[in-house]
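# Geometric and topological summary
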Amino acid sequence: MAPACGKRALALGGGGFTGYLFEIGALTALDDLVEDGTGMNDLDLYVGVSAGAAAASLIANGVTPREILETNLSGTRPYYFDHRNVFSPAIGEGLKTLWRVTRQLVPLLKLYVRHYREMTLIDLLDKAQDALPSGIYTLEPFAAYLSAIFKARRLSDTFAGLSKELYIPAIDLETGDGVMFGDEGWREVPISRAVTASSAVPIYFCPVRIQGRDYIDAGIGRMAFFEIAVHKHVDFTIMINPMVRAPQRRSSPGGTAEKRVRERGFLSIGEQASRINYDARFSHALERFQHDHPDKEVLVISPVEEDALLFERSFLSYRDRIHLLRAGYMSVTMLARDRFDTLSAQFARHGMPLSRMTFEERARGRLAELHQAETEVLPRAPQSVAAPACVGGVGVAWRKAK
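By convention here, each chain's residues receive numbers from 1 onward along its written sequence. Local features in a predicted model are, by the rule used here, given only for residues with pLDDT of at least 70; side-chain atom pairs are given and counted only at 80 or more, and totals for whole chains, interfaces and linings are based on all residues. Based on all heavy atoms of the structure, the side-chain values leave hydrogens and waters out of the count.

DSSP-based pairing: two strands are paired if at least 2 bridges between them are found. Strands here are runs of E lasting at least two residues and helices are runs of H or I lasting at least four, both read from the DSSP assignment and numbered beginning at the N terminus. Within the open sheet, the 3 strands sit side by side as β3-β4-β7. Their pairing is mixed. Two strands close off the open sheet at either side, each with one partner strand: β3 (88-89) and β7 (203-205).

Listed below in structure tokens is the structure:
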């Protein structure tokens, strides 16, 4: 039942596994910020795009952000997603590719011999593209892992089994149309399958087949967050967007310049391009939404400039997981430091009172917990991460920026 103050929603964006960890850190901080009785599990509607779909499916099921954060700190199941659960090589695609290449190799060689003066490498790739795999990794094991989690923890793998509204968008590969799993006509799809369909980033992951159709990452399509807020009559949306544009390169503390994106290979260039594209589309959609619907409130939480540097690092190491959880937590801490009165009034309008004193106490303990986990894994924090505000406790973070 929606509260008298209006319908409240949580919207979680993508950003890969790093984005998932950032969101969990931010959600834990939001729970610490809000007074007891109205946490992130007490909202009315949840929507998750790409990696955010996994987090949204757990929160909508009643799993608390703190539970997810603690399992990732300790590296224990079930909400600690080892990279082997997500990055499973598409062996079947490789076998298909081998068979296709074998069939096409001789005709291609004959074609090249006849036209080698005119043909280029691009021409050969164009002729051979039907033999290429549909992705490097498959998300089928991740879907099975999520399904097993839901069953083992007695969570719902069906949209109908939830007491909250959950929506997970994806893109139909053939038509380019967006679908909304969890909405009317799409509620029969298991949540675990919907999560992987929304997370299938092209090239990296094979499209996910559901009911005879292939689906890919929803992050490349229209901004479903704002459409849902309108169509589902949401009054207040808390939105976490890890996909910010990377900051301008600066010199490191030692005086040496940071490595340029170009020097880190074409995959890093592709990721940077995706961030730039997403950031531009998101900013435009947010501006238009606020203009067309001034009665609806949106709070957007994103990494600050220093945090964005963390997204250049490998998300496969345990050390980075802790940094990303902390970055998410600090994004909310710094937001509360700079805009507490505004946030307090906004949350109060929607039945979610805040307490500065309570948050300071909770945040101090949480940051100490994160720092303890970090020092147990790595005695010295990397220089590229601004640690003092986190390590010294929340008191440092609450100082006004100069």
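Detection works on a 1 Å grid of protein atoms alone, calling trapped sets that fit a 1.4 Å probe cavities and calling open sets with protein on both sides within 12 Å along at least five of seven lines pockets, with lining residues defined by an atom within 4 Å of a point. Grid points are joined across faces, edges and corners, and a volume is the space filled by probe spheres set on the points. Under the criterion given, the structure shown has 2 cavities of 30 Å³ or more. In this structure, the largest cavity occupies an estimated 40 Å³ of space. Put simply, the parts of the chain that give the lining of the largest cavity at least two residues each are β1 (8-12), β2 (45-48), α9 (224-231) and β10 (236-240). For the lining of the largest cavity, the leading source of residues is α9, giving 3 residues. Note that Gly is not counted as nonpolar here; it falls among the polar residues with everything else outside the nonpolar set of Ala, Val, Leu, Ile, Met, Phe, Trp, Tyr, Cys and Pro and the charged set of Asp, Glu, Lys and Arg. For the lining of the largest cavity, the class distribution of residues is 9 nonpolar, 1 polar and no charged. If you add up the space inside the second largest cavity, you get close to 30 Å³.

Before going further, it helps to examine the pairing of β2. Per-residue accessibility, obtained with a 1.4 Å probe over protein chains only, is compared with the maximum for each type, and a residue is labelled buried under 20%, exposed over 50%, and partly exposed between these values. Side-chain alternation along β2 places L45 and V47 on one buried face and Y46 and G48 on a second face that is also buried. Summarising the sheet, β1 and β2 pair through 4 bridges and their orientation is parallel. Paired with A9 across the two strands is L45, which belongs to β2. Following the chain from β1 across helix α1 (residues 16-33) to the adjacent parallel β2, one finds a crossover that is right-handed. Summarising the sheet, β2 and strand β5 (residues 165-172) pair through 3 bridges and their orientation is parallel. Bridging from a neighbouring strand, L45 pairs with E165 of β5. The handedness of a crossover follows from its direction of travel: if, with the strands pointing away from the viewer, the path from the first strand over the helix to the second runs clockwise, the crossover is right-handed.

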